[in-house]
Amino acid sequence: MQLRKSYGNRHKLPDPVAAVLTTDRYSKGASHCSVTELLQGPKIRILRKDGIHEDVIDRLWSSLGTAWHQYAEQALQGLPNYIVEERYYHTSLDWVVSGQVDIQSPLNDGTWCIYDWKVTTESKIERGVAAEWEEQLNCYAYLINQTTGRTISKAQVIAVIRDHKRNVFKPRQAGPVQIMDIRLWPVEQQAEYINQRVKLHQQAEEAHVFGEKLPDCTEQEQWRMPDKFAVMKEGGTRAVKVFDTQEEASDRLVQIENGWIEVRSGIARKCEGNYCGVALKCEQRAREIKEKTTRGDVTPYV
């Protein structure tokens, strides 16, 4: 079923720009869900069935990623010893799961390496390999193995950093393209993970059919940043210092006269930016906004 999409244009961009930003040729093929959907919260996938709404300007970076994939596919087609943009299908618990692998290449020992393009940011790279990247490539490795019999022994993300700033005074700094090794799991763990995710989505589908509440997205599925703990001082308008843990903040607090700690809740980046396309009709999102408003965006810690 083709996903229905509608778009706003709050910046009144010209029609040609809007057309470029809203062009999408993606298809998950004849499958119940793609690996990308499998990794999302079941709530997102189910809410998206009724269509999604985005502003055209918010499509800029995802359209850049799409364009890069298409450019890379054209450039690498026909290159010897590489398989480019191949889609695989595997049945798990009666559901067909599909995944399209960016690049595959054979290694000297007869095993294979898979690569995945990511157009991303400096801050994302600084946090290391994202959990969803590891999960995604392990799903791909399993689909390839089950479909073709190939053994995937190596996986890498090719990260294209869109906000990289070239600094002529630091010639040895990391460049705008970085290669990141991805940890591969045993095949049994890959199979267990896919089955567990499929079961989670199937249970949510059943709950939806009977009008029951859909499961909330997890913090990882929301791309939620961790809470921060700000040490405040009476008379001051800014934090003395902001810490990652409550323990660190408490140690600093004993040195402050008439001080206290504010717990600053982490931002759910996927929800805040409507990267799922359904944040405006998500009950969980509405509930969290209400809670955030009630506590004034910060939670005092006594």
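Our structure is the block above this text.
What you see is a predicted model, and the numbers here were worked out from it, not measured in a lab. (Residues numbered from 1 in each chain as written. Predicted model: local features only at pLDDT ≥ 70, side-chain atom pairs only at ≥ 80, totals over all residues. Heavy atoms only, no water.)

With respect to the pattern of salt bridges
Phase 1: Tallying each qualifying case throughout the model produces 18 salt bridges.
Phase 2: The salt bridge partner of Lys28 is Glu37, with a shortest N-O separation of 3.2 Å.
Phase 3: Residue classification places Lys28 among the partly exposed residues on the basis of a relative accessible area of 21%.
Phase 4: The salt bridge involving Arg197 is made with Glu221; its shortest N-O contact spans 3.1 Å. Residue Arg197 is found in helix α7 (residues 187-209), and its partner Glu221 is found in the loop between α7 and β9 (228-233); the two are separated by 24 residues along the sequence.
Phase 5: Put simply, Lys43, Lys213, Asp216, Glu283 and Arg287 are held in one network by salt bridges that share partners. (Salt bridge = Lys/Arg side-chain N within 4 Å of Asp/Glu carboxyl O. Buried < 20%, exposed > 50% of the residue type's maximum accessible area, 1.4 Å probe, protein only. Helix = DSSP H or I, 4+ residues; strand = E, 2+ residues; numbered from the N terminus.)

Some words on the nonpolar core
Phase 1: Counting residues in hydrophobic clusters, the biggest one holds 32 residues, and the most contacted among them are Val35, Leu38, Ile114, Trp133, Val157 and Ile194.
Phase 2: Contributions of two or more residues to this core are made by α2 (35-39), β5 (95-106), β6 (112-120), α6 (131-148), β7 (152-161) and α7.
Phase 3: The element contributing the most residues to this core is α6, with eight residues.
Phase 4: Each residue touching Val35, except ones within four places of it in the same chain, is listed here: Val97, Ser98, Gly99, Gln136, Cys139, Tyr140 and Leu143.
Phase 5: Ranked by size, the runner-up nonpolar core spans eleven residues in total, among them Ile44, Ala204, Cys276 and Val278. (Core = buried A, V, L, I, M, F, W, Y, C linked by side-chain atoms within 4.5 Å. Contact = heavy atoms within 4.5 Å.)

What to know about the environment of Gln156
Phase 1: Counting through the fold element by element, Gln156 comes out in strand β7.
Phase 2: Distance in space between the C-alpha atoms of Gln156 and Trp117 is 8.9 Å, their sequence separation being 39 residues.
Phase 3: Ignoring anything within four residues of it in the chain, the contact list for Gln156 reads Ile114, Tyr115, Asp116, Leu137, Ile179, Met180, Asp181 and Ile182.

Let's talk about the environment of Ile144
Phase 1: You can see Ile144 is positioned in helix α6.
Phase 2: What makes Ile144 buried here is its relative accessible area of 0%.
Phase 3: Put simply, Ile144 and Arg87 are 57 residues apart on the chain and 9.0 Å apart in space, counted from C-alpha to C-alpha.
Phase 4: Excluding residues that lie within four positions of it along the chain, Ile144 makes contacts with Tyr88, Val101, Gln104, Ile114, Gly149, Arg150 and Ile152.

Concerning empty space enclosed by the protein
Phase 1: Enumeration over the complete set of coordinates arrives at one cavity of 30 Å³ or more.
Phase 2: In this model, the largest cavity occupies a volume close to 100 Å³.
Phase 3: Along its surface, the largest cavity is lined by 14 residues, and Ile44, Cys217, Cys271, Cys276 and Cys282 are the ones closest to its centre.
Phase 4: Of all the secondary-structure elements, those providing two or more residues to the lining of the largest cavity are α3 (42-47), α9 (269-272) and α10 (283-294).
Phase 5: At three residues, the largest contribution of residues to the lining of the largest cavity is made by α3.
Phase 6: Partitioning the lining of the largest cavity into residue classes produces eight nonpolar, two polar and four charged. (1 Å grid on protein atoms, 1.4 Å probe; cavity = no way out; pocket = protein on both sides within 12 Å on 5 of 7 lines; lining within 4 Å. Points joined across faces, edges and corners; volume = space filled by probe spheres on them. Nonpolar A, V, L, I, M, F, W, Y, C, P; charged D, E, K, R; others polar.)

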